[in-house]
Amino acid sequence: MSTDTLWLVITIVGAVGACVCGLGLRSLHQRLKAVDEHFQSPQLRFRYTANESAAQLDTLGEGGRLLMHRFSLLMIPMMLEVLLVLLAVSRNASQFAWLRAAMFIVSAFISLLGIAETLFLRFEKHQPASTCSLLKWGAFALWTLGMFAGLFLQSTKF
């Protein structure tokens, strides 16, 4: 298999997988909002406190906790699909090997932090989950900066 074919497969698997996981997460999110109209997934928030996260679980009750468990189970493969998408975009956004390598590393960091956050939430370790969330979104901002820098540098070539 050629390198280009492999990257095409990575792109397709990442995009389709992220869409499928995203639809499942959306459905679970709507069901959680039916239990608590103010529900907002912690994994989708930039920052939250341990007290906010614990209070939200209390508000959800037993049925909501079961839905949140399913949400967390689906969030882990979603973060792996996100990794594939970030890697594919990183490859295409930068022609410079050093920038591409940095973006690959940041992509892996984003995915690992997302998985760690989800596992911490699953085991009700709210403070480390909150820290992982903040770091994850900060890393994503750095990755986005790298993407735009790579695209800008490509556009300046004659």
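See the structure above.
Residues numbered from 1 in each chain as written. Predicted model: local features only at pLDDT ≥ 70, side-chain atom pairs only at ≥ 80, totals over all residues. Heavy atoms only, no water.

**Notes on the overall build of the protein**
Of the regular secondary structure elements, the protein holds four helices and zero strands. Starting at the N terminus and ending at the C terminus, the protein contains elements arranged as α-α-α-α. Each principal axis of the C-alpha atoms in the protein carries an extent, and together these give about 60 × 30 × 25 Å. By residue count, 37% of the 158 residues in the protein fall in the buried class. In the protein, once contacts between residues fewer than 6 apart in sequence are set aside, the share between residues at least 24 apart is 76%. With an accessible surface of roughly 8,900 Å², the protein has 70% of that area assigned to carbon and sulfur atoms. (Helix = DSSP H or I, 4+ residues; strand = E, 2+ residues; numbered from the N terminus. Buried < 20%, exposed > 50% of the residue type's maximum accessible area, 1.4 Å probe, protein only. Contact = heavy atoms within 4.5 Å. Areas by Shrake-Rupley, 256 points an atom, 1.4 Å probe, with all protein chains shown as cover.)

**Comments concerning the environment of Leu 86**
Locating Leu 86 in the fold gives a position in helix α2 (residues 50-93). Exposure remark for Leu 86: the relative accessible area of 6% places this residue in the buried category. Sequence separation between Leu 86 and Gly 14 is 72 residues; the distance between their C-alpha atoms is 8.7 Å. Aside from chain neighbours lying at most four places away, what touches Leu 86 is Ser 107, Ile 110, Phe 140 and Trp 143.

**Structural notes on the packing of aromatic side chains**
Going through the model one piece at a time under the given rule, you end up with four aromatic pairs. Ring centres 5.8 Å apart and planes at 20° place the aromatic pair Trp 7 and Phe 104 in the stacked group. You can see Trp 7 sitting in helix α1 (residues 3-35) and its partner Phe 104 sitting in helix α3 (residues 97-122), a full 97 residues away along the chain. Residue classification places Trp 7 among the buried positions, given a relative accessible area of 16%. Plain terms: the ring middles of Trp 137 and Phe 140 are 6.1 Å apart, the flat faces sit at 85° to each other, and that makes the pair edge-to-face. Here Trp 137 and its partner Phe 140 are both found in helix α4 (residues 126-155), three residues apart, which amounts to about one turn of the helix. On the basis of relative accessible area, Phe 140 is assigned to the partly exposed category, the value being 32%. (Phe/Tyr/Trp six-rings, centres within 6.5 Å; stacked < 30°, edge-to-face > 60°.)

**Quick word on the nonpolar core**
If you look at the biggest cluster of nonpolar residues, it comprises 24 residues, and the most contacted ones within it are Leu 32, Met 68, Phe 71, Ile 110 and Trp 143. Looking at this core, the elements that each hand over two or more residues are α1, α2, α3 and α4. When residues of this core are assigned to their parent elements, the largest contribution, 10 residues, is made by α2. Sequence-distant contacts of Met 68, defined by excluding residues within four places in its chain, comprise Leu 32, Phe 39, Pro 42, Gln 43, Leu 57 and Leu 60. (Core = buried A, V, L, I, M, F, W, Y, C linked by side-chain atoms within 4.5 Å.)

**Examining unusual backbone geometry**
Although it is not a glycine, Glu 124 sits at a positive phi angle of roughly 55°. In this fold, Glu 124 is placed in the loop between α3 and α4. Assessed through its relative accessible area of 39%, Glu 124 is described here as partly exposed.

**Brief notes about α4**
Over its 30 residues, α4 extends 43 Å from the first C-alpha to the last, a length consistent with the 44 Å expected when each residue adds 1.5 Å. Within α4, burial applies to His 126, Ala 129, Ser 130, Cys 132, Ser 133, Lys 136, Ala 139, Trp 143, Gly 146, Met 147 and Gly 150. In this structure, the buried residues of α4 make contact with α2 and α3. (Expected span 1.5 Å × (residues − 1).)

**Brief notes about the pattern of salt bridges**
Tallied over the full model, the rule gives five salt bridges. A salt bridge links Glu 124 to Arg 65; the nearest nitrogen and oxygen atoms lie 2.6 Å apart. Taken together, the positions of Glu 124 in the loop between α3 and α4 and Arg 65 in helix α2 put the pair 59 residues apart, joining distant regions of the chain. Glu 117 is the salt-bridge partner of Lys 136, the closest N and O atoms lying 2.7 Å from each other. Remark: Glu 117 occurs in helix α3 and Lys 136 occurs in helix α4; sequence separation between them is 19 residues. Overlapping salt bridges, with partners in common, bring together Asp 58, Arg 65 and Glu 124 in one network. (Salt bridge = Lys/Arg side-chain N within 4 Å of Asp/Glu carboxyl O.)

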